[in-house]
Amino acid sequence: MNASKEYKLGSSYAWLVWSIAVVFVIFLFNVQTGYAILNNSVAKTIGLSIDQIGLIAATYTWTFAIAQMFSGALLDRAGSRKVLLPAIALVTIGVFLFAFAQSFEMLLLSQIVLAIGSSAGFVGAGYVGGTWFGMAKFGFMFGLVQLAAALSSAFGQTGFDFALSQWDWRTVITGFAIFGVILLVVAVIFMRNPQPLESSQQKPAQFIQSVLNSILEVLKKAQIWIISVQGAITFGMILALGVVWGPKLMMAHGLDERSANYATACLWLGLAVGSPLINKFSDKLHSRKKPIIITTIVQLVALVLAIYLPMTPALAMIIYFIFGLGNSGHMLNFTAAADNVPPQLIGTSASIVNGSMFILGGILMGLPGKVLANTQESLADYQHAMLVCLVALVVALVVSFMIKESYPKAS
């Protein structure tokens, strides 16, 4: 196919390119989920200490966060094909290194390679939605990406548990790597930009300078910082509850482990349901700011109920679903950020918002544990520890009032 050819926006080919990008997101999300589930087995096989397990996880997080700052600008300047193809290749190589790792150093290298490749995944899929379907549908298409990612998080662990009941961890991870090769081949054949980019003619030094200029141009905007902080706190809440503290809080309420895990899955289901709808809600209100404020309040109320109400399995599932539904409001932060930059910088704005979400999200995930240290981990102890999350959401609510309305005015 001719790389310089122009394609029709919203066509069947646009859906094909977008689907490849979304499958990449699901692929890397499951790889990330895999390490969280497999780290104990991996540690026993390779002989890792607790400190080394923690260092590997921290190395992935910070490498991802640093690479994330550049991935969006690269997408804006080079387009989806020149960024996502190497990204898929890097993730696949990282998975192979993971599957065949025989030492701590090789495992650490695998996570660095994985993190660099993964940094372009979620933002890349959002970028593809904006460029292939037009800026008017950017938020809705990004919501569909989050729908796929959230469903993957909700059901991925069950799939992993089943796979591990049939095969050892190296076989399972090797299977992922083979899938990555297949995805790369498909992407090489079909992944295209809807139209040629002017930057493709730039010399390397000019290209690097243009990438740095894009990042600086976006970072100069005060609203981007405000939007990023507000989104980072609310996204940090879904990470903190969905990955670590959600099931622990419910078990402190007296629920068994299975019921607590089912309730936690409802966080992701709520996020999955809300993500494609939140931009429709924004359009109905003709506002970005109001839905962000409303959904933050919903999360705050739901979390208060989850912490202090006596829990049954059904009530826990309902409250967590409502929290996840409210948490879908953080997808509007990407849309609001895109409203504040020229169309050619949507990838840069998305990566800066997403990078801040993971940096602050990682911090918020760890704070309740600091409060719980040296306690009996009773319900009262958990209620005290989760005050950190409540305070964070109050801060997010205050910051949301500082966001300037950016909903496009009717022409």
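Cut-off values and rules
- What you see as residue numbers is a count from 1 along each chain, following the sequence as written.
- Thresholds applied to this predicted model are a pLDDT of at least 70 for local features of residues and 80 or more for the giving and counting of side-chain atom pairs; totals over whole chains, interfaces and linings are not thresholded and use all residues.
- With hydrogens and water excluded, all non-hydrogen atoms of the structure serve as input to the side-chain values.
- Only the six-membered ring of Trp is used, alongside the rings of Phe and Tyr, when aromatic pairs are assigned; centres must lie within 6.5 Å, and planes under 30 degrees apart are stacked while those over 60 apart are edge-to-face, with the rest tilted.
- Numbering goes from the N terminus for both helices and strands, where a helix is a DSSP run of H or I of at least four residues and a strand is a run of E of at least two.
- Burial status follows relative accessibility: with a 1.4 Å probe on protein chains alone, a residue under 20% of its type maximum counts as buried, one over 50% as exposed, and anything between as partly exposed.
- Criterion for a charge above a ring: Arg CZ or Lys NZ at most 6 Å from the ring centre, at most 35 degrees from the ring normal.
- Values of pLDDT, ranging from 0 to 100, describe the predictor's confidence in every residue of the model.
- In this analysis, axes come from line fits to C-alpha atoms, helices being fitted only over the stretch in contact, and the angle between any two N-to-C directions falls in the range 0 to 180 degrees.
- The cut-offs work like this: below 35 degrees is roughly parallel, past 145 is roughly antiparallel, 65 to 115 is roughly perpendicular, and the gaps in between are oblique.
- The sense of a crossing depends on the near helix, which, turned anticlockwise from the far helix by less than a right angle, makes the crossing left-handed and, turned clockwise, makes it right-handed.
- Here, two residues are considered to be in contact whenever any of their heavy atoms come within 4.5 Å of each other.
- Each residue is assigned to one of three groups, with Ala, Val, Leu, Ile, Met, Phe, Trp, Tyr, Cys and Pro labelled nonpolar, Asp, Glu, Lys and Arg labelled charged, and all others, Gly among them, labelled polar.
- Counted as salt bridges are all cases of a side-chain nitrogen of Lys or Arg within 4 Å of a carboxyl oxygen of Asp or Glu.
- What a helix should span is 1.5 Å times the count of its residues minus one.
- The definition of a nonpolar core used throughout is a set of buried Ala, Val, Leu, Ile, Met, Phe, Trp, Tyr and Cys residues joined through side-chain atoms within 4.5 Å.

Chemist: Tell me about the packing of aromatic side chains, and please be specific about residues and values.
Modeler: Applying the stated criterion across every chain, the model contains 14 aromatic pairs. When the ring of Trp-15 is compared with that of Phe-133, the centres are 4.8 Å apart and the planes differ by 70°; the resulting orientation is edge-to-face. Here Trp-15, found in helix H1 (residues 12-46), pairs with Phe-133, found in helix H4 (residues 121-133); they are 118 residues apart in sequence, far enough to count as distant. Phe-133 sits in the buried class, given a relative accessible area of 10%. Among the aromatic residues, ring-to-ring pairing joins Tyr-60, Phe-64, Phe-235 and Phe-358 into one connected group. Over the face of the ring belonging to Phe-140 we find Lys-280, whose NZ or CZ atom lies 5.0 Å from the ring centre.

Chemist: Give me the lowdown on the confidence of the model for the protein chain, citing residues and values where you can.
Modeler: A residue-level look at the protein chain finds 95% of positions with pLDDT of 70 or above and a mean pLDDT of 88. The least confident element of the protein chain is helix H5 (residues 138-166), whose mean pLDDT is 81; the most confident is helix H11 (residues 289-308), at 97.

Chemist: An account of the packing of helix H8 (residues 222-252) against helix H16 (residues 387-400) is needed here, citing residue identities and associated values.
Modeler: Running from amino to carboxyl end, H8 crosses H16 at an angle of 150°, the nearest separation of the two axes being 9 Å. One finds that H8 runs roughly antiparallel with respect to H16. The chirality of how H8 crosses H16 is left-handed. Across from Ile-226, Gln-230, Ile-233, Thr-234 and Met-237 in H8, the residues of H16 making contact are Cys-389, Ala-392, Leu-393, Val-395, Ala-396, Val-399 and Ser-400. Class assignment of the residues belonging to the contact of H8 with H16 gives a composition of nine nonpolar, three polar and no charged.

Chemist: Tell me what's going on with the pattern of salt bridges, and back it up with residues and numbers.
Modeler: Going through the model one piece at a time under the given rule, you end up with one salt bridge. Here Arg-288 ties to Asp-339 by a salt bridge, and the two come within 2.6 Å at their closest N and O atoms. Here Arg-288 is found in the loop between helix H10 (278-285) and H11, whereas its partner Asp-339 is found in helix H13 (residues 331-339), with 51 residues between them in sequence. Residue Arg-288 is classed as buried on the basis of its relative accessible area of 6%.

Chemist: Tell me what's going on with helix H3 (residues 104-118), and back it up with residues and numbers.
Modeler: Counted at 1.5 Å a residue, the expected span for H3 with its 15 residues is 21 Å, and the 21 Å between its end C-alpha atoms agrees. For H3, every residue scored as buried is listed here: Phe-104, Leu-107, Leu-108, Ser-110, Gln-111, Val-113, Leu-114, Ala-115, Gly-117 and Ser-118.

Chemist: Describe the nonpolar core, with residues and values.
Modeler: Of all hydrophobic cores here, the largest spans 128 residues; its most connected members are Phe-24, Leu-48, Met-250, Leu-303, Tyr-320 and Phe-323. No other element matches the 17 residues that H1 contributes to this core. In contact with Leu-303, not counting residues within four places along its chain, are Leu-241, Phe-323, Met-386, Cys-389, Leu-390 and Leu-393.

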